[in-house]
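Breakdown of the fold
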Amino acid sequence: MSRQRIIVVLAAVYYAAQMALLVYWHSLAVPEFRLLDALITLGIAAVMGFIDWWSARYLLQALSRTEQVYADDVSQQLEQSLENYRTLAEREEQRSAEIGREVEAELAQARKSLAEGRTDDVAMHLQQGLDIATSLRKPPCDNVAVAAILEAKTRECEEAGVELSTQVALPAELGLPDIEVASLLFNLIDNALHECAALRAQDAVAKPVITLHARTQAGQLFVQASNPCRPGIQAPGSRTEKRDTEALHGWGTDIVRTIAHNHGGIAEFTFENEVFIATVMIPLT
């Protein structure tokens, strides 16, 4: 259930409880029905209804503003990641052209050595050409937005002394808004990085590893993120309760869960052998 619906339901339940108390009080106050008492009760009910309505309206507006601020922040992060990725892509394109020239030069030397009968030099030049060709960095994903996010978060993790290991195979078009995909990945990785940073604070020599898997299968987006967590958070192999998960990972898990549910998907969070695992599945239309 979304937060908006929770607020509306709670406001309605609260108002109903108030009305029940008013009716009960009115039934006990006098042994016989009096019009004035009924009018006073109706007036109190109207005032309470207005106060409850205004309070619920204020909470909904505050929630809406908070969500808008969060969406703007995610949008800004995504735009910055895309800009940095475009710059990186341009450098990689220039490097690709240089590598092409270097490989062609090695092949030319290999052909020359072959014509001169120097077979050892042929093998050497071919191996050097292969090494040069494989030095070109491949993009982490065909989806530009996801690739930009992974590049940015990989650097952020490295700066924090944490390794981000990714196995991501996503198409250029997912059928989901980029902003929601970005919010999903930002939260999953940020949550994991927060816990890994806490582990690093306890042991500066350790280098925790965050593992991120993402792919499409059977018409669904499958994303799973895992990271080590501090001992004693949850018994090994046991399934965490929601309150324990949020105590460890804050509101990020709630945001991930909301995004999944809004698209008819699921989000699960578990602890296994002192490893936190977040699994998300969202149908793609």
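What counts and what doesn't
- Throughout this description, residue numbers start from 1 for each chain and increase along the sequence as written.
- Only residues with pLDDT of 70 or above have their local features reported here, since the model is predicted, and side-chain atom pairs are shown and tallied only from 80 upward, although totals for entire chains, interfaces and linings are computed over all residues.
- Side-chain metrics rest on all non-hydrogen atoms present in the structure, leaving aside hydrogens and water.
- Each residue carries a pLDDT value, the predictor's own confidence for that position, ranging from 0 to 100.
- Strands are runs of DSSP state E lasting at least 2 residues, helices are runs of H or I lasting at least 4, and numbering of each runs from the N terminus.
- The contact definition used throughout considers only heavy atoms, calling two residues in contact when any of these lie within 4.5 Å.
- One less than the residue count of a helix, multiplied by 1.5 Å, gives the span that helix is expected to have.
- Partly exposed residues are those whose accessible area sits between 20% and 50% of the maximum for their type, while under 20% is buried and over 50% is exposed, using a 1.4 Å probe and protein chains only.
- In the analysis that follows, any N or O atom pair within 3.5 Å is treated as a polar contact, provided that within protein one partner can donate a hydrogen and the other can accept it, and provided that, for residues neighboring in sequence, both atoms belong to side chains.
- A 1.4 Å probe that fits but cannot get out identifies a cavity on a 1 Å grid over protein atoms alone, an open set with protein on both sides within 12 Å along at least five of seven lines counts as a pocket, and a residue lines either if it has an atom within 4 Å of a point.
- Grid points are joined across faces, edges and corners, and a volume is the space filled by probe spheres set on the points.

The next subject is the confidence of the model for the protein. A residue-level look at the protein finds 74% of positions with pLDDT of 70 or above and a mean pLDDT of 77. Mean pLDDT values over the elements of the protein span from 43, in helix α6 (residues 242–249), up to 93, in strand β3 (residues 220–228). Residue range residues 234–250 is modelled with pLDDT below 50. Its contacts to residues more than four positions away, or to other chains, number 36 contacts.

Count 3.6 residues to each turn of an α-helix, and residues three or four apart come out pointing the same way. Its 16 residues place the ends of helix α4 (residues 144–159) 23 Å apart at the C-alpha level, agreeing with the 22 Å of an ideal helix rising 1.5 Å per residue. The set of residues buried in α4 consists of A145, V146, A147, A148, I149, L150, E151, A152, K153 and C157. Between a side-chain oxygen at the N-terminus of α4 and the backbone nitrogen of A145 the separation is 3.2 Å; the capping residue is N143. Count one or two residues on from α4 and you reach G161, which has phi positive near 75°.

Before going further, it helps to examine empty space enclosed by the protein. Enumeration over the complete set of coordinates arrives at one cavity of 30 Å³ or more. Considering only enclosed or pocket space, the largest cavity measures out at about 50 Å³ in volume. Lining the largest cavity are L188, N191, A192, A225, N227, T253, F269, F276 and A278. Secondary-structure elements contributing two or more residues to the lining of the largest cavity are α5 (178–202), β3 and β5 (275–283). It is α5 that provides the largest number of residues to the lining of the largest cavity, a total of three residues.

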